[in-house]
Amino acid sequence: MVRITHYLYNTFLIETEDSVLAIDPGTVFFHYFRLKTLLPKREWKRVSHVLITHGDPDHYWYADKVATAGNATVIMNSSMIRTEDGRRLALGPRSKGLSFDTEFDKLLGLEPGRTVQSDGMLFTGLKATHGPLTIDLGPISKTVHPGPEERVGWGALGFDIMLQGKRIVNLGDTVLEKEAWAEVRRPDLLMLPIGGQNAGNVMTPEEALTAVEEIRPKTVIPTHFNMPALLSSRYGPADGETFKEAVEAMGIACVLLRKNESHIIKEERCIN
């Protein structure tokens, strides 16, 4: 049995009998300027692996603290790692700009198309492209484009995870990469963002439906929509129920998880 628990944004716990994986243990993105942890502190010591889809605060802010609490293995895009004076340094979770100043005791670098093994599990990197982020603060609007001098979207990476005989795909924050995901077929579970209608940083619901139709997972969990952020309680708005109906019309299950809710992938039994 595999249990997946959602904590808003793209923060998840994936639990098996042997391991507890935390995806993107970040912070609420400055909602009323409170930097609260998305992954509850009570869970930190149980985490065996921390998976980072990119270096934005809402995905990465507490990664080092979670890793230290659980002595966890951290897996991230190799572009988030530098070697200086014989030390492997990661992009600082709470450092300003592009400062590579954080050491993790157990750190694995990954790139799209590459697979690493850890504790009997396989982790394959998938291409992800963080789109430009438009931030609206009242009358002020600013668009930040990911690039070599910008932290936004740094190290974007999706994960194709094999564990307990199950295949789980998390695409992180990304726009549609239909051709790059051509080899991603029929996973047990697909987690993908749908809240890019206004901000533009991730897929819109329509683009996400295109990805679902191509990948054909058994079950879909939409992510990164209707979240508290900045001065709004509903950042990245999307109609989850309408999306769910469209997925189910393809003959694919869709699960909408609110904060702290879980989905269980059960063992399939053969009937003779």
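Rules and cut-offs
- Residues numbered from 1 in each chain as written.
- Predicted model: local features only at pLDDT ≥ 70, side-chain atom pairs only at ≥ 80, totals over all residues.
- Heavy atoms only, no water.
- Helix = DSSP H or I, 4+ residues; strand = E, 2+ residues; numbered from the N terminus.
- Buried < 20%, exposed > 50% of the residue type's maximum accessible area, 1.4 Å probe, protein only.
- Pairing = 2+ DSSP bridges.
- Contact = heavy atoms within 4.5 Å.
- Salt bridge = Lys/Arg side-chain N within 4 Å of Asp/Glu carboxyl O.
- Patch = residues over 30% accessible without salt bridge, like charges linked within 9 Å, V, L, I, M, F, W, Y side chains within 5 Å.
- Areas by Shrake-Rupley, 256 points an atom, 1.4 Å probe, with all protein chains shown as cover.
- Lys, Arg positive; Asp, Glu negative; His and termini not counted.
- Charge placed at Lys NZ, Arg CZ, Asp CG, Glu CD.
- Core = buried A, V, L, I, M, F, W, Y, C linked by side-chain atoms within 4.5 Å.
- Axes fitted to C-alpha atoms, helices over the stretch in contact; angles between N-to-C directions.
- Arc of directions from axis to C-beta.

### With respect to unusual backbone geometry
Unusually for a residue other than glycine, Asp 119 sits at a positive phi of about 55°. Counting through the fold element by element, Asp 119 comes out in the loop between β10 (115–118) and β11 (121–127). Judged by relative accessible area, which is 60%, Asp 119 ranks as exposed.

### Focus: the pairing of strand β5 (residues 73–77)
With respect to burial, β5 is a largely interior element, 5 of its 5 residues being buried. Pairing of strand β4 (residues 49–51) with β5 involves 3 bridges; the strand directions are parallel. Bridge pairing in β5 links Val 50 to Val 74. Sheet topology places β5 next to strand β9 (residues 107–110); 4 bridges connect them, and they run parallel.

### Thoughts on the side chain of Thr 73
Here Thr 73 shows up in strand β5. On the basis of relative accessible area, Thr 73 is assigned to the buried category, the value being 9%. Apart from residues no more than four positions distant in its own chain, Thr 73 is found in contact with Ser 48, His 49, Val 50, Lys 106, Leu 108 and Ser 118.

### What to know about the pattern of salt bridges
Think of it this way: side chains of opposite charge can pair up when their charged atoms draw near. On inspection of all chains with the given rule, the structure shows 13 salt bridges. Two residues, Glu 43 and Arg 42, come together in a salt bridge whose shortest N-O distance is 3.8 Å. Among the residues examined, Arg 42 registers a relative accessible area of 61% and is labelled exposed. Here the salt bridges do not stand alone but share partners, grouping Glu 15, Arg 42, Glu 43 and Arg 46 into one network.

### Points about a negative patch on the surface
A contiguous patch of negative charge on the surface is contributed by Glu 17, Asp 18, Asp 119 and Glu 267. Within the secondary structure, Glu 17 is located in the loop between β2 (12–15) and β3 (20–23). Looking at Glu 17, the relative accessible area reads 72%, which means it is exposed.

### Details of the nonpolar core
Taken as a class, soluble globular proteins show a tendency for nonpolar side chains to be buried jointly. Core analysis: the largest hydrophobic core is formed by 27 residues, its most contacted members being Val 47, Val 50, Tyr 60 and Met 76. If you list the elements that add at least two residues to this core, you get β3, α2 (63–70), β5 and β7 (87–91). Contacts of Val 47, omitting those with residues within four sequence positions, involve Leu 13, Val 20, Ala 22, Leu 39, Val 66, Gly 70 and Ala 72. Membership of the second largest hydrophobic core comes to 23 residues, among which are Val 116, Leu 163, Ile 168 and Val 255.

### Topic: the sheet that holds β3
Across a sheet, paired strands are connected by hydrogen bonds in the backbone, their directions being either parallel or antiparallel. In space, the 7 strands of this open sheet follow the order β9-β5-β4-β3-β2-β1-β21, with mixed pairing throughout. Both edges of this open sheet fall to β9 and β21 (262–265), since each of them pairs with a single strand only. Ignoring which end each strand starts from, the neighbouring axes of this sheet average 20° apart. Looking at chain direction, strand β1 (residues 2–6) and β2 are connected through 4 bridges and run antiparallel. Paired with Ile 4 across the bridge in β2 is Ile 14.

### Thoughts on the environment of Ser 19
Inspection of the secondary structure puts Ser 19 in the loop between β2 and β3. Residue class for Ser 19 comes out buried when judged on its relative accessible area of 6%. Sequence separation between Ser 19 and Gly 158 is 139 residues; the distance between their C-alpha atoms is 20 Å.

### Quick notes on helix α3 (residues 205–215)
Spacing of three or four residues puts side chains on the same side of an α-helix, whose turn is 3.6 residues. Of all the positions in α3, only Pro 205, Ala 208, Leu 209, Ala 211, Val 212 and Ile 215 are classed as buried. All buried residues of α3 fall inside an arc of 160° around its axis, so they share one side. Buried-residue contacts for α3 involve β16 (189–193), β17 (219–223) and α4 (240–248). Trailing α3 by a residue or two, Arg 216 shows a phi angle of about 55°, which is positive.

### A word on the sheet that holds β10
Taken in spatial order, the 7 strands make up an open sheet running β10-β11-β14-β15-β16-β17-β20, and their pairing is mixed. A single partner strand is all that each edge strand has here, and the edge strands are β10 and β20 (253–254). Relative to strand β14 (residues 157–163), β11 is paired through 6 bridges, and the arrangement is antiparallel. Bridge pairing in β14 links Leu 126 to Gly 158. Packed on one face of the sheet, α3 meets β16 and β17 and runs near 160° to β16.

Any functional reading would require information that these geometric values do not contain.
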